[in-house]
2 protein chains.
Amino acid sequence: MIDQRNHHLFQPLLYQVATTLLATSEIAWPIRRLLRSRKDVTTLLSTVEGVDRAAHEVLLRGGQRIPYDTLVIATGARHAYFGRDEWEADAPGLKTLEDATTIRRRLLLAFERAELTEDPAERSAQLTFAVIGAGPTGVELVGILAELAHRILPTEFRRIDTNQTRIMLIEAGPRILPAFSENLSDYAAKSLTKLGVEVKTGTPVTGVSGEGIVLGDQPIAARTVIWAAGVQASRAKDWLGVPADRAGRVMVQPDLTLADDPNIFVLGDTAHVESDGKPVPGVAPAAKQQGQYAAKLIRARLTGKAAPAPFKYKHMGNLATIGRNSAVIEFGKFQMRGWLAWWVWGLAHIYFLIGTRSRIMVLLSWMWIFLSGQNSARLITQKETLKDEQ
Amino acid sequence: MIDQRNHHLFQPLLYQVATTLLATSEIAWPIRRLLRSRKDVTTLLSTVEGVDRAAHEVLLRGGQRIPYDTLVIATGARHAYFGRDEWEADAPGLKTLEDATTIRRRLLLAFERAELTEDPAERSAQLTFAVIGAGPTGVELVGILAELAHRILPTEFRRIDTNQTRIMLIEAGPRILPAFSENLSDYAAKSLTKLGVEVKTGTPVTGVSGEGIVLGDQPIAARTVIWAAGVQASRAKDWLGVPADRAGRVMVQPDLTLADDPNIFVLGDTAHVESDGKPVPGVAPAAKQQGQYAAKLIRARLTGKAAPAPFKYKHMGNLATIGRNSAVIEFGKFQMRGWLAWWVWGLAHIYFLIGTRSRIMVLLSWMWIFLSGQNSARLITQKETLKDEQ
């Protein structure tokens, strides 16, 4: 097991770290600890720089070579800026724990700077937040952000009224939550509007800078911009020298292996595989199903059994929260929305967390927030404090 | 209330964040939240760059000036390297949350690199840890570090035996815990030796580099070095242009004000004040007593009452933990040591935490560690990951 990070991350709750609801250690676990009882697994913290397919070796930064018989690549995706990589510095995305603490720091610093400044224009730019992309991540971010600004922070500031905060959810497509049915998209948009979010659909972003964003040709001063719009697969295609789709995902066979090498599997957000004639979406349930499939196939090969039938993706449904007490859920034809959907969402996510301790801690954090109205993890840390920035 | 950080930190448990027992949010709270019900207090996140005593204004970075009638300065201390500031990069100290996560990252990366490398000399240098300074912080750090190496990590690594870890506690003076009675120092030293720590007293450090340390003229390859040896007061003396002691602490009157300005108070680690003919030590109970004294004096002035008698420090005793189930405690003539002392220490610290939530969370974390033997916060985060370093 080779990873460049020492922890496994539960990405579906990452937006709650970014918005101060949860602490980092509540949704991430050391890989080593998860695998400690598997004496046949060696975990290495290192960065892969390539694969020598002729020698059957993985190349690590620093020059080490790790031999393999079967290689499974599941190196995920990063956010993509549609060719505008220069936007990243001013519009961070949300894929890693560091991304989440970066966004958390920027959100909190914006309110601090608004309180500190004596310039009304600067104050209003600091109190303007733009989230670009209205999939579940974008919707979940603005929901909590609105509650933070309108329900939690107002009593804590003296010079500013955080109720004046302007929060924009910007989507190039015609509606938010495009993977959901249209009536749930509408419900989510109305709920967000009620929370005080400006929902702007059919609005492509044409510019991002340290000053703010440009919508069409209209500049908007917004000091905090978050990117939730597109993803780009990891560089596995370059390591392997194989064809990929437009998002950089490696084209794999129906059994998740390379066309020219049955001993190399590519899974999850890094793979392009079709099921029922459609590409499998880049979501956690799909990656987990692929992991199980690959394990089954490898085991069949090692024990001389017949290979399983080609991989078939089973869609588990769509879930997204809207603020702290509403959600939309869709399982096939079954739909749910409102506070009961939030609880179903919450229980499902507690269930998917790893380990009893995390489950207890996350449940307690949520209950605490629910009962006290106070978020728990509002710390500005890391080097880039106000001190170092100015 | 002006602070360059957005949180108040409970420093006595900082070593537990550095050694993966607790998460950052369990021992730090947003200042704004602590003061939210005090409508007459405005909190500003900013860095002070000076005091204009003639104009009665505090100068903030960025050019803002904040007027005052009474000014209270309690800006603390940083670690000091006795004139060898170049050691800081390789031997970080432990004063802030960032310090704690830096040390945590280095500790965890050292084990990871030992597992990764194929060079025996490098492996042994990665598995050598040196803590310089044997006050409570140094003793508490090596205690948990020894338990981490010998009790928690062995089952998780495959190429290295973390029982081979070498942990050194280095002290220039004749004994560890010099503020304690000699018999408790001896007890602590013996307990640490039993945990596998090499206790080296009367051993000044003459060099620190990325390779390791030099003791006298003997170089020791140690990739992880932690500084717990000396402190230097904040720069308040420069802001005020007043005399200070050797550690940079401002000399104040028995009522904690400047000799030439009764409207400026200096408290805590930044102040040099005598009580019963001895300088008041730089510990949390002393700072809290000074805060209460200053509040009392200011209130007396505002209400026209008689000023209280000069500040008198009441020593509350010494406490230090040794690993996860032993401690030494001293209240005047009363002494305690062993596991019962650990529980007294633990309850005292839970009591001093701020807020019900933190108390519950820290208690749960400790109970979980106690019952499961697994530390909770073993995450390597921040920019300086293995990826960026190599």
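The name given to chain A in an unreviewed UniProt entry is NADH:ubiquinone reductase (non-electrogenic), and the organism recorded there is Ketogulonicigenium robustum. Listed under Catalytic activity (unreviewed entry) in UniProt, the entry text for chain A is "a quinone + NADH + H(+) = a quinol + NAD(+)". Per UniProt, chain A carries the Sequence similarities (unreviewed entry) text "Belongs to the NADH dehydrogenase family."

## Remarks on the pattern of salt bridges
Enumeration over the complete set of coordinates arrives at 40 salt bridges over all chains. Residues R61 of chain A and E49 of chain A are paired through a salt bridge, measuring 2.8 Å at the closest nitrogen-oxygen approach. Taken together, the positions of R61 of chain A in the loop between β6 (57-60) and β7 (65-67) and E49 of chain A in strand β5 (residues 48-52) put the pair twelve residues apart, joining distant regions of the chain. What makes R61 of chain A partly exposed here is its relative accessible area of 24%. In this structure E49 of chain A comes out as partly exposed when scored by relative accessible area, which is 42%. Across the salt bridge formed by R151 of chain B and E147 of chain B, the nearest N and O atoms sit 3.1 Å from each other. Taken together, the residues span about one helical turn, with R151 of chain B and E147 of chain B both in helix α5 (residues 136-152) at a distance of four residues.

## A look at the confidence of the model for chain A
Across chain A, pLDDT averages 92, with 96% of residues at or above 70. Predicted confidence for residues 384-390 of chain A stays below pLDDT 50, and this span has 16 contacts to residues more than four positions away or in other chains.

## Focus: the environment of P154 of chain B
Residue and element names in this part refer to chain B. Tracing the backbone shows P154 in the loop between α5 and β11 (166-170). On the basis of relative accessible area, P154 is assigned to the partly exposed category, the value being 24%. Residues P154 and L267, 113 residues apart in the sequence, show an inter-C-alpha distance of 45 Å. Setting aside anything within four residues of it in sequence, one finds P154 in contact with L148, A149, T162 and N163.

## Considerations on the relation of the copies chain B and chain A
For the pair of chain copies, the relating transformation is a rotation about an axis with a translation along it. For these two chains of identical sequence, chain B goes onto chain A by a turn of 180° and a shift of 0.0 Å along the axis, with RMSD 0.0 Å. What the superposition gives is, in effect, a two-fold axis relating one chain to the other.

## A few points about the domain arrangement of chain A
Residue and element names in this part refer to chain A. According to the domain assignment, chain A consists of domain 1 (2-77 + 231-284 + 293-303) and domain 2 (85-229 + 318-389). Both faces combined, the contact of domain 1 with domain 2 buries some 2,700 Å², and carbon together with sulfur accounts for 68% of it. On the domain 1 side of the interface with domain 2, the three residues burying the most area are Y15, T20 and L21, jointly 26% of the side's total. If you look at where domain 1 meets domain 2, you find one salt bridge. The shortest N-O distance in the salt bridge between E98 and R5 comes to 2.8 Å. Looking at which element gives the most residues to the side of domain 1 that touches domain 2, the answer is helix α1 (residues 14-18), with five residues.

About the thresholds
Residues numbered from 1 in each chain as written. Chains lettered and ligands numbered in written order. Predicted model: local features only at pLDDT ≥ 70, side-chain atom pairs only at ≥ 80, totals over all residues. Heavy atoms only, no water. UniProt positions renumbered as here; feature names shortened; annotations may be inferred. Salt bridge = Lys/Arg side-chain N within 4 Å of Asp/Glu carboxyl O. Helix = DSSP H or I, 4+ residues; strand = E, 2+ residues; numbered from the N terminus. Buried < 20%, exposed > 50% of the residue type's maximum accessible area, 1.4 Å probe, protein only. pLDDT = per-residue confidence, 0-100. Contact = heavy atoms within 4.5 Å. Least-squares fit on C-alpha atoms with pLDDT ≥ 70 in both. Domains from an automatic or database assignment. Buried area = accessible area lost by both parts, 1.4 Å probe.

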